[in-house]
Amino acid sequence: DAGDGLPYARLNEAFRHLRAGADFIALARNRYFSDAQGAPCLDVGAFVAALEYASQREAVVLGKPDPAFFHLAVEDMGLSPQEVVMIGDDAEFDVAAAIRAGLSGYLVQTGKWRAEDTLALTPAPSGEFPDLGAAVAQILGSAGCRPGAAAFAGGRAGAQTFGKGGRQRYGRGISAKGGRSIIN
């Protein structure tokens, strides 16, 4: 989240590099994020769209919502997409993107979640929960994990990463045995 760290001069500098032939790589296309007070702020997707329009070039997206992002993480964990779930507060770029990539996608009502984002979501979430703890409890319970099989260390928005057999791969969060993994 760039916040105030992305002044016009930096955006214009990026535009000039693109015009000169630089590779155009974006890490995501998220529309907005919520600041510490919960107010919506433009996220990287708005700047990617502006640079695409101005440069008349299309960015190569290496992160969400590109299915390759999810598939690479799933492959790295040695699992199939059907064995992995994504929990996030972004209906479009966490949950729907994961589902389109063949994973289950669970939406949490924290961070940037808004009820109106869920209403028109296609595909619909695999489940929706008030917070990360409730989502994890349900997922681990449905996977047959005993209570206490997970150690919780929550993140700001509640989307975390879990690796096969408790091996953490992409972030801090819950380690769970039982073949269910969560990525973000």
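Analysis parameters
Residues numbered from 1 in each chain as written. Predicted model: local features only at pLDDT ≥ 70, side-chain atom pairs only at ≥ 80, totals over all residues. Heavy atoms only, no water. Buried < 20%, exposed > 50% of the residue type's maximum accessible area, 1.4 Å probe, protein only. Helix = DSSP H or I, 4+ residues; strand = E, 2+ residues; numbered from the N terminus. Pairing = 2+ DSSP bridges. Right-handed = clockwise from strand over helix to strand, strands pointing away. Contact = heavy atoms within 4.5 Å. Salt bridge = Lys/Arg side-chain N within 4 Å of Asp/Glu carboxyl O.

A. Layout of the pairing of strand β6 (residues 104-108). Here β6 lies mainly inside the structure; four of its five residues are buried. Direction of pairing for strand β5 (residues 84-88) relative to β6: parallel, over a ladder of four bridges. When the bridges of β6 are listed, M86 appears paired with G105. Taking the sense of rotation as the criterion, the β-α-β connection linking β5, helix α4 (residues 91-100) and β6 turns out right-handed. Bridge analysis of β6 against strand β7 (residues 127-129) gives three bridges, and the strand direction is parallel. Note on β7: the bridge partner recorded for Y106 is G127.

B. Local environment of the environment of L18. Along the chain, L18 turns up in helix α1 (residues 8-19). Given the relative accessible area of 6%, L18 is considered buried. L18 sits 37 residues away from S55 along the chain, and the two C-alpha atoms are 6.5 Å apart. With residues near it in sequence (within four places) discarded, L18 still touches D23, F24, L51, S55 and R57.

C. Geometry of the pattern of salt bridges. Inspection of the entire model under this criterion finds five salt bridges. As a salt-bridge pair, E92 and R31 come within 2.6 Å of each other at their nearest N and O atoms. You can see E92 sitting in helix α4 and its partner R31 sitting in the loop between β1 (25-26) and β2 (32-34), a full 61 residues away along the chain. Judged by relative accessible area, E92 falls into the partly exposed class, the value being 28%. One salt bridge in this structure joins D90 and K112, with 2.6 Å as the shortest N-O distance. Here K112 lies in the loop between β6 and α5 (115-119) and D90 lies in the loop between β5 and α4, a separation of 22 residues in the sequence. The exposure class of K112 is buried, given its relative accessible area of 7%.

D. Looking closely at the side chain of S55. Mapped onto the elements of the fold, S55 is located in helix α2 (residues 44-55). Not counting residues within four places of it along the chain, the set of residues in contact with S55 comprises F15, L18 and F24.

E. Structural detail: the environment of I25. Summarising the element assignment, I25 is placed in strand β1. The spacing of I25 and V61 is 36 residues in sequence and 5.9 Å in space, taken between C-alpha atoms. Apart from residues no more than four positions distant in its own chain, I25 is found in contact with V60 and L62.

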